[in-house]
Amino acid sequence: MICTHISSPRRALGLLLLFASAAGLAVPLRTSVAQNGGVRPPNGGTSSSKASPRTRTKSGSGVKTTRASATRRPPPPALRYTAPTSAEALTADIGTFLNARVRSGSWGAMIVSVTRGDTLFSTNAGNLMLPASTMKLFTAALAFDTFGPEHQFTTAVLRDGTVGADGTLTGNLVLRGGGDPGLSTRYYKAPAEGPMASLARMVAASGIKRVNGDLIADASAFESKRVPDGWLARYLESGYAARVSALSMNENLATVVIAPQPNGSASVTLDPPSSTVPVINNMRTVAGSRAAKLSIRRLPDGRIDVRGWIGSKAGSRSYLVVIDDPAPWVAGTLRSALIAQGVTVTGQVRTGAGSANAVTVASLSSPPLARLAAAMNRESINHFAELLFRDVAQVNSPNRIGSAELGNTALKKFMSDKVGAASNDVMATDGSGLSTLDRVTARSLVQLLSYAHRSSWSADFHASLPVAGESELLRHRMRYTPAQGNLHAKTGTTNDVIGLAGYVTARDGEVLAFAFLYNGRDRWNAKEAIDVSGATLAGFTRP
C-alpha cells in the first residue's frame, strides 16, 4: 500500500484548497432563451432590454444571451464527531458519516467491542476489498505468531574451505542473507556501508587475510522473483517498491552523490560503494550556484549512468536509486569493506548457494521483531513487510525457500486455524498491500485485531501502530478530538484506497476494534468520514 505524506505547509495548503474545491464547486445558474429572443432569468423575473457587460450576441443570429452571474453553492457542513450513548446511536452516526459526503466508490466497514464481544456496526463487511497498507496488519500478526516479538534474523559470512597459517582461505567466502529487514543504516549509525564494515572487521579478526576463491552472494532463502505479482510498472522507479531479496541492505536503495570539481568535471560516487555496481560519470561542472540538472539511468547490465551538469557553487547533491538486483550489490559492498580491512578476494562476486559444510566466521543479528514490526507499521515500510512475509513462508516451506505464494498459504491457514476467520476472506500476493491483486474483507481485519488483542504478543502488536494526533502517519489526523492519544491504527492509502484499522478505547473504557476500507476515487471525503468516525468511537459510551 502507498502511504502519501504531506511534506510542507505549501503542500498542505494545496491539498486543503483541493479539498475545499471538491466540497463546494461554483455552479453557474441555468438560463433559458424565451420565445421572443430575450433571456428568462432562472428566478422567473423579466429580463432587462438593456445589454449589460455580461450580455453578448450570438454570431449570425441576432439573439442576445446573458451569462448569469456564477453563484457558489454552499458547501455541505463539515462532519462533526458525536458522543453517542447507546449502540443504536453509534450505529446510526457511523452510517451517516460514511454516506454524508462520499459521492462514489464503495465501503467495507466493521466495528466490534473486544471487551463485550458484540458487533456495533457492519456494512459490506464480507466484501473483498483492496486493503492497501492495512495488509501489513496481517503480516505483522503472522510474524509475531510465528516467531515471537523477541526473534532476530541473521546475516552471516561463511568460509567454504580451510584457512592456512598465513591467513589464506583456499575456497570461497559466502555472504548468506537471512531475510533481515534490519540490515540497514537505520539501525547501524555508521556511514552507509556500516553493516558490511562490521562484518568485514569480523572476517579480518577471524584471521582471514586473503581469499583464493569467489565471494558468493547467497539469497537462496527466498524465491528468485524480486517483484511481486500485481506491482504496477510505474511503481518500480520508487523507493517504496524496492526489490525483494533474502540478501537485502538499506531497503535496497543506494545513494548517488554528485559534487562539482574545479577542473570542469564532476565527481560521481555510489554510497555505499559496491564493486558490482559501476557508475558511469557523464557529469560536468558549469559556472554558478545552480543546482544540478541530470538524469540517472539504471542500465540492464547493472551499471548506473549519470549525465548532466552541476553548478560550481551548488555543493554536493544526493539522489536515491533503486537497486534492481540486491544480492550481488550487497556482496559488492562487503568486498569493498573487506578491501578497506586489508582482506583481498581474488575471485569474482557471484550469486549462488553456499555449501552445507561452510563454517560461519561472522554474523550480524537484527533488532528484535517487535522493533522491526513497529517501524513497518508506523512508517508503512513496504520492504520490511515483504521480507517478513517471506520469512514466515520459509519456516512453513517444505524446501525452506520463502515465496509470496507460500506466504499466502501460511496466512490463510493462520486465519482459519487460529483467528477463526474464513480463509477466503484474505488473498495476499504480497505482504505490504502494494499489489493490486490483494483482497481482504473488513470482517477479516476485525477478526485479526480481536485475535491479536487476546494473544501473548498483544502489547507489542498494539505498540507497533501509529497513534492518532501524535505519531507517524496519524500525527496530523484526529487532533484535538477524543481520539488523540487514544486511537492507534494502521493506515492504508493508494490512488484508489483509503483505509484505517486498529483499536480505540471508548469513553466507558471498553476496547473497540474497527476496520474502515474505502475503494474509489473520492478519497478525501472518505478520509474525513473515517476520522470523524474514529473520534466518535472514542467518545462512545453505553450503559
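Scroll up for the structure.
Only a predicted model underlies this, so the values are computations on that prediction, with no experimental measurement involved. (Residues numbered from 1 in each chain as written. Predicted model: local features only at pLDDT ≥ 70, side-chain atom pairs only at ≥ 80, totals over all residues. Heavy atoms only, no water.)

S.K.: Just to check I follow, could you spell out unusual backbone geometry for this structure?
M.R.: In terms of backbone geometry, most residues other than glycine have negative phi values and most peptide bonds are trans. Asp271 connects to Pro272 through a cis peptide bond whose omega is 5°. With respect to the element layout, Pro272 can be found in the loop between strand 14 (266–271) and strand 15 (279–286). Non-glycine residue Asn124 carries a positive phi angle of around 50°. When you line up the elements, Asn124 lands in the loop between strand 8 (119–123) and helix 3 (135–147). Using a relative accessible area of 39% as the deciding quantity, one classes Asn124 as partly exposed. (Helix = DSSP H or I, 4+ residues; strand = E, 2+ residues; numbered from the N terminus. Buried < 20%, exposed > 50% of the residue type's maximum accessible area, 1.4 Å probe, protein only.)

S.K.: Looking at this structure, I do not really get the sheet that holds strand 7 (residues 106–113). What am I missing?
M.R.: Hydrogen bonds along the backbone pair up the strands of a sheet, which may run parallel or antiparallel. An order of 8-7-26-25-24 is seen for the 5 strands of this open sheet, with the pairing classed as antiparallel. On the outer flanks of this sheet lie strand 8 and strand 24 (488–494), each paired with one strand and no other. Put simply, the sheet's adjacent strands are angled 5° from each other on average, direction ignored. Here strand 7 pairs with strand 26 (residues 511–519) via 8 bridges, running antiparallel. The residue of strand 26 that forms the bridge with Val112 is Ala513. This element, helix 9 (residues 442–454), spans strand 7, strand 25 (497–505) and strand 26 of the sheet and lies at about 150° to strand 26. Set on the sheet, helix 11 (residues 523–538) makes contact with strand 7, strand 24, strand 25 and strand 26; between it and strand 25 the angle comes to about 5°. (Pairing = 2+ DSSP bridges. Axes fitted to C-alpha atoms, helices over the stretch in contact; angles between N-to-C directions. Contact = heavy atoms within 4.5 Å.)

S.K.: How do you make sense of the pairing of strand 8 when you look at a structure like this?
M.R.: Where strand 7 meets strand 8, 4 bridges bridge the pair, whose relative direction is antiparallel. Opposite Val112, over in strand 8, you have Thr119 as the bridge partner. Here strand 7 hands over to strand 8 after 5 residues, with Gly117 in that stretch at a positive phi of 85°.

S.K.: When you look at the sheet that holds strand 13 (residues 253–260) in this model, what are you seeing that I'm missing?
M.R.: In spatial order, the strands read 14-13-18; together these 3 strands make up an open sheet with antiparallel pairing. Every other strand in the sheet has two partners, leaving strand 14 and strand 18 (317–322) as the edge strands with one partner each. Geometrically, the sheet is characterised by an average inter-axis angle of 25° between neighbouring strands, direction not taken into account. As defined by bridge partners, strand 13 adjoins strand 14 across 6 bridges and the pair is classed as antiparallel. Bridge pairing links Val257 to Thr269 in strand 14.

S.K.: Looking at this model, I keep getting lost on the side chain of Asn382. Mind explaining?
M.R.: By secondary structure assignment, the location of Asn382 is in helix 7 (residues 382–395). Judged by relative accessible area, which is 4%, Asn382 ranks as buried. One polar contact links the side chain of Asn382 to the main-chain carbonyl oxygen of Tyr240, over a distance of 2.9 Å. (Polar contact = N/O pair within 3.5 Å; in protein donor to acceptor, adjacent residues only side chain to side chain.)

S.K.: Looking at this structure, how should I read the packing of helix 4 (residues 194–205) against helix 5 (residues 326–340)?
M.R.: Relative orientation and spacing of two packed helices are given, respectively, by the angle between their axes and the distance between those axes. Here helix 4 crosses helix 5 at 55°, and the two axes come no closer than 8 Å. By the angle between their axes, helix 4 is oblique relative to helix 5. At the point where helix 4 passes helix 5, the crossing takes the right-handed sense. Taken together, the residues of helix 5 that come into contact with helix 4 (itself represented by Met196, Ala197, Leu199, Ala200 and Val203) are Val330, Thr333, Leu334, Ala337 and Leu338. (Parallel < 35°, antiparallel > 145°, perpendicular 65-115°, else oblique. Left-handed = near helix turned anticlockwise from the far one by under 90°.)

S.K.: What's the story with helix 2 (residues 87–100) in this structure? I'm lost.
M.R.: Counting along an α-helix, one turn takes 3.6 residues, and residues three or four places apart therefore face a common direction. Relative to the 20 Å expected for 14 residues at 1.5 Å per residue, helix 2 spans 20 Å between its end C-alpha atoms, a close match to the ideal helical length. The set of residues buried in helix 2 consists of Leu90, Ile94, Gly95, Phe97 and Leu98. For helix 2, the angular spread of buried residues about the axis comes to 160°, placing them on one side. Within helix 2, the exposed residues directed more than 90 degrees away from the buried face are Glu88 and Asn99. (Expected span 1.5 Å × (residues − 1). Arc of directions from axis to C-beta.)

S.K.: How should the side chain of Asn525 be read in this particular structure?
M.R.: Relative to the elements of secondary structure, Asn525 occurs in helix 11. For Asn525, a relative accessible area of 5% puts it in the buried group. Side-chain polar atoms of Asn525 contact the side chain of Asp522, separated by 3.1 Å.

S.K.: I tried to follow the environment of Leu465 on my own but got confused; where do I start?
M.R.: Here Leu465 shows up in the loop between helix 10 (458–463) and strand 24. With sequence-adjacent residues up to four places away left out, Leu465 is seen in contact with Leu137, Asn377, Arg378, His488, Ala489, Lys490 and Tyr503.

S.K.: Would you explain the packing of aromatic side chains in this entry?
M.R.: Two numbers describe a pair of aromatic rings. These are the distance of the centres and the angle of the planes. For the structure shown, the criterion picks out 9 aromatic pairs. Taken together, a centroid distance of 5.6 Å and an interplanar angle of 80° make the contact between Phe414 and Tyr451 edge-to-face. Of this pair, Phe414 sits in helix 8 (residues 404–419) while Tyr451 sits in helix 9, and the two are 37 residues apart along the sequence. Relative accessible area serves as the criterion here: at 5%, Phe414 is assigned to the buried category. Under the relative-accessibility criterion, Tyr451 is labelled buried at 15%. On the basis of an interplanar angle of 85° and a centroid distance of 6.5 Å, the ring pair of Phe461 and Tyr503 is categorised as edge-to-face. Of the two residues, Phe461 sits in helix 10 while Tyr503 sits in strand 25, which places them 42 residues apart along the sequence. Tyr503 shares its class with Phe461; the two are buried. Three or more aromatic residues joined by ring pairs make a cluster, and in this case those are Phe144, Phe414, Tyr451, Trp457, Phe461 and Tyr503. The ring of Trp524 carries the charged tip of Arg523 above its face, separated from the ring centre by 5.9 Å. (Phe/Tyr/Trp six-rings, centres within 6.5 Å; stacked < 30°, edge-to-face > 60°. Lys NZ or Arg CZ within 6 Å of the ring centre and 35° of its normal.)

S.K.: It is not clear to me how helix 9 should be interpreted in this structure. Could you clarify?
M.R.: Counted at 1.5 Å a residue, the expected span for helix 9 with its 13 residues is 18 Å, and the 19 Å between its end C-alpha atoms agrees. Ala442, Ser444, Leu445, Val446, Leu448, Leu449, Ser450, Tyr451 and Ala452 are the residues of helix 9 that are buried.

Worth remembering: the numbers are spatial, not functional.
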